[in-house]
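# Architecture and fold: a report
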Amino acid sequence: MIDLRSDTVTKPDEAMREAAATAPVGDDVYEEDPTVNELEAEAADLVGMEDALFVPTGTMGNQVAVRTHTDRGQEVLSGRESHVVKWELGGMAQLSSLQVRTFDGGERGVPTPEQVREGYVAEDLHRPGTGLLTLENTHNSKGGVAITAEEIAAAASAAHDLDVPVHLDGARVFNAAVSLGVPASDLTDPVDSVMFCLSKGLGAPVGSILAGSAEFIERARRNRKLFGGGMRQAGIIAGPGLQALGNVERLAEDHENARTLAAGLDALDGLSAAEPDTNIVLVDTTESGLTAEAFLDRCGDEDVLGSAFGEYVVRFCTHWDVDEAAVERAVERVASVL
Ligand SMILES: *Cc1c(COP(=O)(O)O)cnc(C)c1O
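Quick summary incoming for the structure in this document. (Residues numbered from 1 in each chain as written. Predicted model: local features only at pLDDT ≥ 70, side-chain atom pairs only at ≥ 80, totals over all residues. Heavy atoms only, no water.)

Once that is clear, we can look at the site of the ligand. Every one of the 14 residues lining the ligand counts as a neighbour, but Gly 58, Thr 59, Asp 169, Arg 172 and Lys 200 are closest to it. Here an oxygen atom of the ligand and a side-chain polar atom of Thr 59 are 2.6 Å apart. In the environment of the ligand, an oxygen atom lies 2.7 Å from a nitrogen or oxygen atom belonging to the side chain of Lys 200. Here the ligand has 380 Å² of accessible area as a free molecule, and 84% of this is covered by the chains. Those elements that provide at least two residues to the shell around the ligand are α3 (58-69) and β7 (193-197). The leading source of residues in the shell around the ligand is α3, at three residues. Class assignment for the residues of the shell around the ligand results in three nonpolar, six polar and five charged. (Near = heavy atom within 4 Å. Polar contact = N/O pair within 3.5 Å; in protein donor to acceptor, adjacent residues only side chain to side chain. Areas by Shrake-Rupley, 256 points an atom, 1.4 Å probe, with all protein chains shown as cover. Helix = DSSP H or I, 4+ residues; strand = E, 2+ residues; numbered from the N terminus. Nonpolar A, V, L, I, M, F, W, Y, C, P; charged D, E, K, R; others polar.)

Scanning all chains against the criterion turns up 16 salt bridges. With a shortest N-O distance of 2.7 Å, Arg 108 and Glu 151 are connected by a salt bridge. Pair noted here: Arg 108 is in the loop between β4 (99-103) and α6 (113-119) and Glu 151 is in helix α7 (residues 149-161), with a separation of 43 residues, a long-range link. Residue Glu 114 is joined to Arg 117 by a salt bridge in which the shortest nitrogen-to-oxygen separation is 3.3 Å. Taken as a pair, Glu 114 and Arg 117 lie in helix α6 at a separation of three residues, close to a single helical turn. Classification of Arg 117 as partly exposed rests on a relative accessible area of 45%. (Salt bridge = Lys/Arg side-chain N within 4 Å of Asp/Glu carboxyl O. Buried < 20%, exposed > 50% of the residue type's maximum accessible area, 1.4 Å probe, protein only.)

Taken across its five residues, β7 has five buried, putting it largely inside the fold. Of the two faces of β7, the one lined by Ser 193, Met 195 and Cys 197 and the one lined by Val 194 and Phe 196 are each fully buried. As paired elements, strand β6 (residues 166-169) and β7 share three bridges and run parallel to each other. Across the sheet, the residue bridging to Leu 168 is Val 194, located in β7. With five bridges connecting them, β7 and strand β8 (residues 208-212) associate as antiparallel partners. Bridge assignment links Val 194 to a residue of β8, and that residue is Ala 211. (Pairing = 2+ DSSP bridges.)

Structural data, given as structure tokens:
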């Protein structure tokens, strides 16, 4: 089986299992789990923030961030295709009583400063006011594009000029950093908070990080508890998370494999795939006459798995359980199903 559905399917390696088995633990709700404390400190450092909070999932990290930045009834300005809008069950409305205003982030999923100013709503007798801007890097729905520090800074500074804080959904921010050849902190410097996943390309079995100022994280800690994310001897899962922080540079292999995959698929009659920035390959199946679902059914018969991302768009995602040889095999098998 060549499972290219997502980089979340990776299984923990021996070092991670060992880290889980031997982690010193305590009650993290009392902030007494040394492994969690170490993970939070290292994670905060990596993204250049004062403090960080370990959360079970990226979705919880985003939703806790949104709740912490805003007041009930405000608007949040987010990309139409962003994960917080598309894939989190309307959590901003359900959990935090917020209204979402979307911008069309174009090919790269990032707003221009003008779009930020256009989307901004000033609070008055009739209007709720904008409480937050969210950005995403890499942008999942746009094919894992790596958004540059300049693009982020331009959007964030437009928001800050309006006194609106900025949260970055950086589920794969290290993929962006490695692809751009910059430290992740360059990409997070312009924003007020960032969430990133340990459980994707970095390979941890569970967990994400929310980072920001010490004052922000103190308030976020209460909201994590409110959302049911106050964990006890969480060092058992934070241990593998610490190992995962050491896997940042390895992401370059996933990117190389994604480029090989995209080039191989693009060369096949009926498919087109642009060269990816990172580990996500979007394949357009229109020319083959097959819908994404029909195409994926056939791929599944050949033990190649992907995800439908649109009627004629398939997403393949590379990760550390898929090496170069597997990627080449995947291309051959896809060729055979066409
Ligand atoms: C995966 C993902 C998340 C959510 O992470 P989970 O751990 O699956 O809840 C948030 N944002 C983006 C862009 C993602 O790709």
